[in-house]
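So you can see what is in the structure, the chains are spelled out below.
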Amino acid sequence: YNPSELCPEFNGKIVRYLQDDGAMVNEGQSYVELEAVKMIVLVKATAAGKTTHTRGAGNIVGASELLEALELTDLTQVKKIVPFESAYVHPTKHFGDGFRPTSDKTEWTDFQSSAPRPGYFGVGANGDIHEYADSQFGHIFAHGKTRVEAWIAPMLSLRNMDVVRTIRNPVE
């Protein structure tokens with residue numbers, strides 16, 4: 001969320017701006033009329049500031065597209081992004097000396113990604129997988145019209161999938 005950008009929550013056509021370009025607008029004040037589904041909807045400002053129109057009347061805008069830029073009157077609403085300044089602790093540090101990553105090579109994967117069952121696998125060109133990612137080298141997603149269809153879709157994908165991998169554990 002950027003308080004200096006005023007964006008609609010729906011698609012529509014700009015009928016007219018309710019303030020001149022460069023005018024002040026208050027938080028909660030209507031600033032533009034949009035036509036959506038043959039209705040005129042007043043869109044309200046989410047912050048106060050000086051406006052700059054980015055589109056003209058008659059333009060079609062999508063949800064979340066910039067309609068007005070604001071020069072904010074209250075800069076306390078802006079959250080500053082600061083660099084991370086803490087010591088990095090590698091995830092394996094939590095496992096102590098007993099943690100030993102495996103090494104893995106995927107010889108081949110046979111998976112047919114499709115619209116109801118999209119998926120991907122993070123395998124390098126030579127079949128290598130990062131040593132800390134060996135338990136999760138791919139993802140399969142599924143959807144359906146019902147919860148049951150969504151449960152069945154990944155099972156069908158997995159039933160028809162073949163993976164040939166070589167896994168080596170340094171403890172062996």
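Scroll up for the structure.
As the structure is a prediction and not an experimental result, all values here were calculated from the model.

(A) How the structure looks around the overall build of the protein. The helix and strand tally for the protein stands at one helix and 13 strands. Starting at the N terminus and walking to the C terminus, you meet the elements of the protein as β-β-β-β-β-β-β-β-β-β-β-β-α-β. When burial is assessed residue by residue, the protein has 22% of its 172 residues classed as buried. Within the protein, contacts between residues at least 6 apart in sequence are counted, and of these 56% link residues at least 24 apart. Carbon together with sulfur atoms contributes 54% to the accessible area of the protein, which is approximately 12,200 Å² in total.

(B) The nonpolar core, seen in detail. Ranked by size, the top nonpolar core spans 14 residues in total, and within it Ile14, Tyr31, Val32, Leu34, Leu67 and Leu70 carry the most contacts. Of all the secondary-structure elements, those providing two or more residues to this core are strand 2 (12-17), strand 4 (30-36) and strand 8 (68-72). Counting residues per element, this core draws most heavily on strand 4, which supplies three residues. Every residue in contact with Val32, bar those within four places of it in the chain, is listed here: Ile14, Arg16, Tyr17, Leu18, Val41, Leu42, Val43 and Leu67.

(C) Up close: the pattern of salt bridges. According to the stated counting rule, one finds two salt bridges in the structure shown. Of the charged contacts in the structure, one is a salt bridge between Arg16 and Glu33, with a shortest N-O distance of 3.1 Å. Taken together, the residues span a long stretch of sequence, with Arg16 in strand 2 and Glu33 in strand 4 at a distance of 17 residues. With a relative accessible area of 14%, Glu33 lands in the buried category. Between Arg55 and Glu65 there is a salt bridge whose closest N-O contact spans 2.8 Å. Linking Arg55 in the loop between strand 6 (49-53) and strand 7 (60-61) with Glu65 in the loop between strand 7 and strand 8, this pair joins segments that are 10 residues apart in sequence. Judged by relative accessible area, Arg55 falls into the partly exposed class, the value being 29%.

(D) Fine view of the sheet that holds strand 6. If you walk across this open sheet you meet the four strands as 1-8-6-3, and the pairing is antiparallel. Two strands in the sheet have a free side with no partner beyond their single neighbour: strand 1 (5-6) and strand 3 (24-25). Bridge analysis of strand 3 against strand 6 gives two bridges, and the strand direction is antiparallel. Bridging across to strand 6, Val25 finds its partner in Gly49.

(E) Highlighting the side chain of Ser30. Its place among the elements puts Ser30 in strand 4. Leave out the neighbours within four places in its chain, and Ser30 touches Leu18, Gln19, Leu42, Val43 and Lys44.

(F) Local environment of the sheet that holds strand 2. Overall, antiparallel pairing links the four strands, which are arranged 5-4-2-7 in an open sheet. Unpaired on one side and paired on the other, strand 5 (39-44) and strand 7 mark the two borders of the sheet. Here strand 2 runs beside strand 4; their pairing, made up of four bridges, is antiparallel. Across the sheet, the residue bridging to Ile14 is Leu34, located in strand 4.

Definitions and limits used
- Residues numbered from 1 in each chain as written.
- Predicted model: local features only at pLDDT ≥ 70, side-chain atom pairs only at ≥ 80, totals over all residues.
- Heavy atoms only, no water.
- Helix = DSSP H or I, 4+ residues; strand = E, 2+ residues; numbered from the N terminus.
- Buried < 20%, exposed > 50% of the residue type's maximum accessible area, 1.4 Å probe, protein only.
- Contact = heavy atoms within 4.5 Å.
- Areas by Shrake-Rupley, 256 points an atom, 1.4 Å probe, with all protein chains shown as cover.
- Core = buried A, V, L, I, M, F, W, Y, C linked by side-chain atoms within 4.5 Å.
- Salt bridge = Lys/Arg side-chain N within 4 Å of Asp/Glu carboxyl O.
- Pairing = 2+ DSSP bridges.

Read these as geometric descriptors, not functional statements.
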